Amino acid sequence: MKRTKVLVVDDETIVRESLCGWLSDLGYQLFSAENGPKALEIIKKEHPGIAITGLGYHWLRKTFTLPRRKTCSRKLKRGRK
């Protein structure tokens, strides 16, 4: 079974480690970044399906979700998964 890739982005180590620990126990494949530039590197390389970000990373949420929405929309229109 393919595991969902999750990116956790927060500048506080304890937040990243806690979230990653909980999500790992649930079977997700995890990546973490302490800042936006590192998060963008991971997004480009690993293509996570979900990104969990701290409140200060609102710009990253827009960067991550908008291209995905367009891709999903195109695939739905064509009848692909």
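Overview of the structure. Computed from a predicted model, the values in this text were never measured in an experiment.

### Digging into the overall build of the protein
Then, in step 1: The number of helices and strands found in the protein is three helices and three strands.
Then, in step 2: When the helices and strands of the protein are placed in sequence order, the string is β-α-β-α-β-α.
Then, in step 3: Split into buried and exposed, the 81 residues of the protein put 25% on the buried side.
Then, in step 4: Pairs at least 24 apart in sequence give 49% of the contacts found in the protein among residues at least 6 apart.

### Points about unusual backbone geometry
Then, in step 1: The phi dihedral of histidine 47 is positive, around 50°, even though this residue is not glycine.
Then, in step 2: On the secondary structure map, histidine 47 appears in the loop between helix H2 (36–46) and strand E3 (50–53).

### Here's the deal with the sheet that holds strand E2 (residues 29–33)
Then, in step 1: Strand order across the open sheet formed by three strands is E2-E1-E3, with parallel pairing between neighbours. Looking at strand neighbours, the two that pair on one side only are E2 and E3, the edges of this open sheet. When the angles between neighbouring strand axes are averaged without regard to direction, this sheet yields 20°.
Then, in step 2: Judged from the four bridges that link them, strand E1 (residues 5–9) and E3 form a sheet pairing that is parallel. Following the sheet pairing, valine 9 is matched in E3 by threonine 53.

### As for the pattern of salt bridges
Then, in step 1: Taken as a whole and assessed by the stated rule, the structure comprises two salt bridges.
Then, in step 2: Among the salt bridges present, the one from lysine 5 reaches glutamate 46, with a minimum N-O distance of 3.5 Å. Of the two residues, lysine 5 is situated in strand E1 and glutamate 46 in helix H2; the sequence distance between them amounts to 41 residues.
Then, in step 3: We note a salt bridge from lysine 38 to glutamate 34, for which the minimum N-O separation is 2.8 Å.

### Let's talk about the nonpolar core
Then, in step 1: Among the nonpolar cores identified, the biggest contains seven residues, and these are Leu7, Val9, Phe31, Ala33, Ala39, Ile42 and Ile43.
Then, in step 2: With three residues, H2 is the largest single contributor of residues to this core.
Then, in step 3: Beyond its immediate sequence surroundings of up to four residues, leucine 7 is in contact with Phe31, Ser32, Ala33, Ala39, Ile42, Ile43, Pro48, Ile50, Ala51 and Ile52.

### Looking at H2
Then, in step 1: Listing the buried residues of H2 in full gives Gly36, Ala39, Ile42 and Ile43. Taken around the axis of H2, the buried residues stretch over an arc of 120°, which confines them to a single face. Opposite the buried face of H2, at more than 90 degrees from it, the exposed residues are Pro37, Glu41, Lys44 and Lys45.
Then, in step 2: The N-terminus of H2 is capped by asparagine 35, whose side-chain oxygen sits 2.9 Å from the backbone nitrogen of lysine 38.
Then, in step 3: Directly beyond the C-terminal end of H2, a positive phi value near 50° is found at histidine 47.

Criteria and cut-off values
Residues numbered from 1 in each chain as written. Predicted model: local features only at pLDDT ≥ 70, side-chain atom pairs only at ≥ 80, totals over all residues. Heavy atoms only, no water. Helix = DSSP H or I, 4+ residues; strand = E, 2+ residues; numbered from the N terminus. Buried < 20%, exposed > 50% of the residue type's maximum accessible area, 1.4 Å probe, protein only. Contact = heavy atoms within 4.5 Å. Pairing = 2+ DSSP bridges. Axes fitted to C-alpha atoms, helices over the stretch in contact; angles between N-to-C directions. Salt bridge = Lys/Arg side-chain N within 4 Å of Asp/Glu carboxyl O. Core = buried A, V, L, I, M, F, W, Y, C linked by side-chain atoms within 4.5 Å. Arc of directions from axis to C-beta. Polar contact = N/O pair within 3.5 Å; in protein donor to acceptor, adjacent residues only side chain to side chain.

Coordinates in, geometry out; function isn't part of it.
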